[in-house]
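Chain by chain, the residues run as shown.
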Amino acid sequence: MTTYIIRRLLWLLPILLMVNLLTFILFFVVNSPDDMARAQLGNKHVTDAAIAAWKAARGYDLPLLWNSEASGWSMLSQTIFWQKSVQLMLFDFGVSDAGRAIGADLAQRAWPSLWLALPSFVLGLVVNITLALLLVMFRGQWLDKLGLVISVIIMSISGLFFIIGGQYVMAKLWHWFPISGYEPDGDLWRFLLLPIMLGVIAGVGSGVRWYRSILLEEADKDFARTARAKGMSQWQVMRKHVLPNGMLPILTGVVAVLPLLFMGSLIMESFFGIPGLGSYTIDAINSQDFAIVRAMVYLGAVLYVFGLILTDIAYAWADPRVRLGDD
Amino acid sequence: MLVLWSDVVVWLLVLSLVGFGWQLKRDALARERWRLVAQSHSALASSVILLWFVFIALADSIHWRTDDPYRPVVSALDVALTEMATGQEKSYSAPFAIESLWKETRQLDDGSVIRVPVALKHAGMHLNNASEQATDMVQQSLFWLVVGAGLATILIMLLARLRLFKTSDLPWRTAAYTLITLSALSAWLWGMGQSYHVLGTGKVGQDVLYETLKGVRTGMLIGGLTTLLTLPFAISLGIAAGYFKGWVDDAVQYTYTTLNAVPGALLIASAMLLAQLYLAQHAELFASEQERADVRLLLVCLVLGLTGWTGLARLLRAESLKLREMEYVKAAKAFGVSDGKIIGRHLLPNVGHLVLIAVVLDFSGLVLAEAVLSYVGIGVDPTMPSWGNMINLARQELNREPVVWWNLFGAFVGMFTLVLSANLLADRIQQVFNPRAQGRS
């Protein structure tokens, strides 16, 4: 097990390297620091001196890969690649183009993101699986058919409409919830309840269909039929046989995306004014702050890789047939 | 005649669709499966609606230059909808309104100043006074609905003489009803659009119905082109990884894991930011605003395609891993058939259904993705008519007093109809071609 995980880690490390290299190429080679400076300072009427000053203040005035003016170790370290990309690899996120420490921002903003994303995710999971179980229990009957029709309809509506419409109706017209905002100390749930609810509703269409298909596969297997034949009630068959067996694909799917919840939701957070990592990213995109974008790309990649490892572990833990590292 | 790059793409997409249908003539098994697909009422009705969307997109993909300085480039659709396209008001007005939503200052005879709505310039012009509007709308509605339904009925009666429609057991009746409904609705929209703003007007006075219809092409193009762009990557890399295994497999897996590791929205955002920088600095390359927006649209497709191939590639890799152990593949190998031929003859035809299902499923997902991207500000050009841009505007409009909901409504109806039809068709295709994976994507 341990050796397997170490082997996996070694396989996944190059991925992080590659992601880092990719962002380096994208943000410093394809798009030179001069372009960045010009875009930040306004495309027209920019003096060379202003560009040079902007670059110097952010450490973009160094050579890309090799500093021939320095000596010894500094030839490597006094470069953009070392200062920005290698440091990022070591989780030193540096300073944003606007001059704020990114690491501190991330630590602070991760919590609101998590407060929103984790309950949405868990609640969504519970609702989706429960509804899917219900549909599978009444398979082929009108409830199942109706459920599928509603699922397709919800699936065909862009999440944006749920968010915009939900906020308008429930916050603006009915005053059930505040329109937007976030108070870490006060009534946290008052602000979070609406986005959480809308997130669950927007995802219920595809979610129910997905879990239904997983559970249906189990419900068709011999052991489920045998259980029904020996007189178990439909509900007991579901609870004792279908759900536990369906849990394996569900569990592995869940742990793969669990770490990514840290990244927050771009749309939800920016729309409801929740100061999490999602709105952080959107702000960075809109203000073209490439330092933050690079940091978020790397963070996302790390979390994704972490999710892959968790998936492997979950497989080994939940399915006794899987023995990692013995092959 | 002016050919935009995206026009070429739209026509190529449609031609490939026709070509795909043509080659069915030779393939009896595939034909039988498609017949099964069409046997479903919902799938057939959805197909009719989708064809209608394709038709609108096609009409919007024939462009030429004009001498009119306000409309330097027009499409066939613009010409068909001239009344809507040119019926510019000053600002917001409600659906079917003949008075504006904004108010202008009037001085009365006694010197007092009041603020009143003004009569619109392009709505209800033929009415003598406002009280006639209700009767006029009912009369016109009836007229246009009957015209639309009648035209469709005549068309159907002519088509019904064809052998194809007589001998088969498909639910043609459903298709006919869908067509009649669509036609009646279109005639109504078009006819009413001649004398009213059916969906009101937007911030700068543009007709919202016109914008909604123009959004069809953008949505279809992003869905269709992006899916098509992903296919070569997904098919070649996925099959190669599964068939050759070894280092090829490692390389492909490494590539798509890396691409997946980068958060999708951020990768697209970064690429679009860079593209925006480039377009801003090379504004001289494009003769008109429309041509620049056009290139940006294609870039969006390209970037979406860059990240979109991984899912299908993974699926095809797994399938090829299974297929290469099949006895007929082993036999072919033993006979010394080359790898290329084995892939072409034995692997490709056996993964065709997976590709097909991925295409239809991806299509609707991408139409939805366009809206989100435009909403975040990294999608199509803000000047380009698209449903995402309309939703983006709607955010401020809902906070106005009175509420302006028609932009949101137009985008909603357009997107919902297109995506729902695509989803229903996709469901049926999946049911027929790959019954085991129903509901999985």
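Details of the overall build of chain B
Secondary structure assignment for chain B yields 17 helices and four strands. For chain B, the spread of C-alpha atoms along the three principal axes comes to 100 × 60 × 40 Å. The buried share of chain B, reckoned over its 441 residues, is 51%. Sequence separation of at least 24 residues holds for 72% of the intrachain contacts in chain B that already meet a minimum separation of 6. Averaging the positions of the 35 positive and the 34 negative side-chain charges in chain B gives two centres separated by 12 Å.

Observations regarding the packing of aromatic side chains
One pass over the structure, following the stated rule, counts 20 aromatic pairs over all chains. When the centroid spacing of 5.1 Å and the interplanar angle of 80 degrees are considered together, the rings of Tyr243 of chain B and Phe244 of chain B count as edge-to-face. The class for Phe244 of chain B is partly exposed, based on a relative accessible area of 37%. Through a chain of ring-to-ring contacts, the aromatic side chains of Phe91, Phe93 and Tyr298 of chain A assemble into a single cluster. The ring centre of Phe191 of chain A lies 5.2 Å from the NZ or CZ of Arg190 of chain A, which sits over that ring.

Overview of the pairing of strand S3 (residues 99–107) of chain B
Residues and elements named next belong to chain B. As paired strands, S3 and strand S4 (residues 113–119) are joined by six bridges and run antiparallel to one another. When the bridges of S4 are listed, Glu104 appears paired with Val116. Where S3 folds back on S4, the antiparallel hairpin that results is connected by five residues, among which Gly111 adopts a positive phi of roughly 95 degrees.

Focus on the interface of chain B and chain A
Taken together, the 44 residues of chain B in the interface contact 46 residues of chain A. The junction of chain B with chain A conceals about 4300 Å² of combined surface from both sides, 73% of it contributed by carbon and sulfur atoms. Across the chain B-chain A interface, the total number found is one salt bridge. Between Asp427 of chain B and Arg209 of chain A there is a salt bridge, and its shortest N-O distance comes to 2.8 Å. Counting the contacts that link chain B with chain A gives five residue pairs in polar contact (both at pLDDT 80 or more). Looking at the side of chain B that touches chain A, the elements with two or more residues in it are helix H10 (246–261), helix H11 (264–281), helix H15 (339–376), helix H16 (387–397) and helix H17 (406–433) of chain B. Broken down by element, the side of chain B that touches chain A gets its largest block of residues, ten residues, from H17 of chain B. Considered class by class, the residues forming the side of chain B that touches chain A number 28 nonpolar, eleven polar and five charged.

What counts, and where the lines are drawn
Residues numbered from 1 in each chain as written. Chains lettered and ligands numbered in written order. Predicted model: local features only at pLDDT ≥ 70, side-chain atom pairs only at ≥ 80, totals over all residues. Heavy atoms only, no water. Helix = DSSP H or I, 4+ residues; strand = E, 2+ residues; numbered from the N terminus. Buried < 20%, exposed > 50% of the residue type's maximum accessible area, 1.4 Å probe, protein only. Contact = heavy atoms within 4.5 Å. Lys, Arg positive; Asp, Glu negative; His and termini not counted. Charge placed at Lys NZ, Arg CZ, Asp CG, Glu CD. Phe/Tyr/Trp six-rings, centres within 6.5 Å; stacked < 30°, edge-to-face > 60°. Lys NZ or Arg CZ within 6 Å of the ring centre and 35° of its normal. Pairing = 2+ DSSP bridges. Buried area = accessible area lost by both parts, 1.4 Å probe. Salt bridge = Lys/Arg side-chain N within 4 Å of Asp/Glu carboxyl O. Polar contact = N/O pair within 3.5 Å; in protein donor to acceptor, adjacent residues only side chain to side chain. Nonpolar A, V, L, I, M, F, W, Y, C, P; charged D, E, K, R; others polar.

Distances and angles like these do not, on their own, reveal function.
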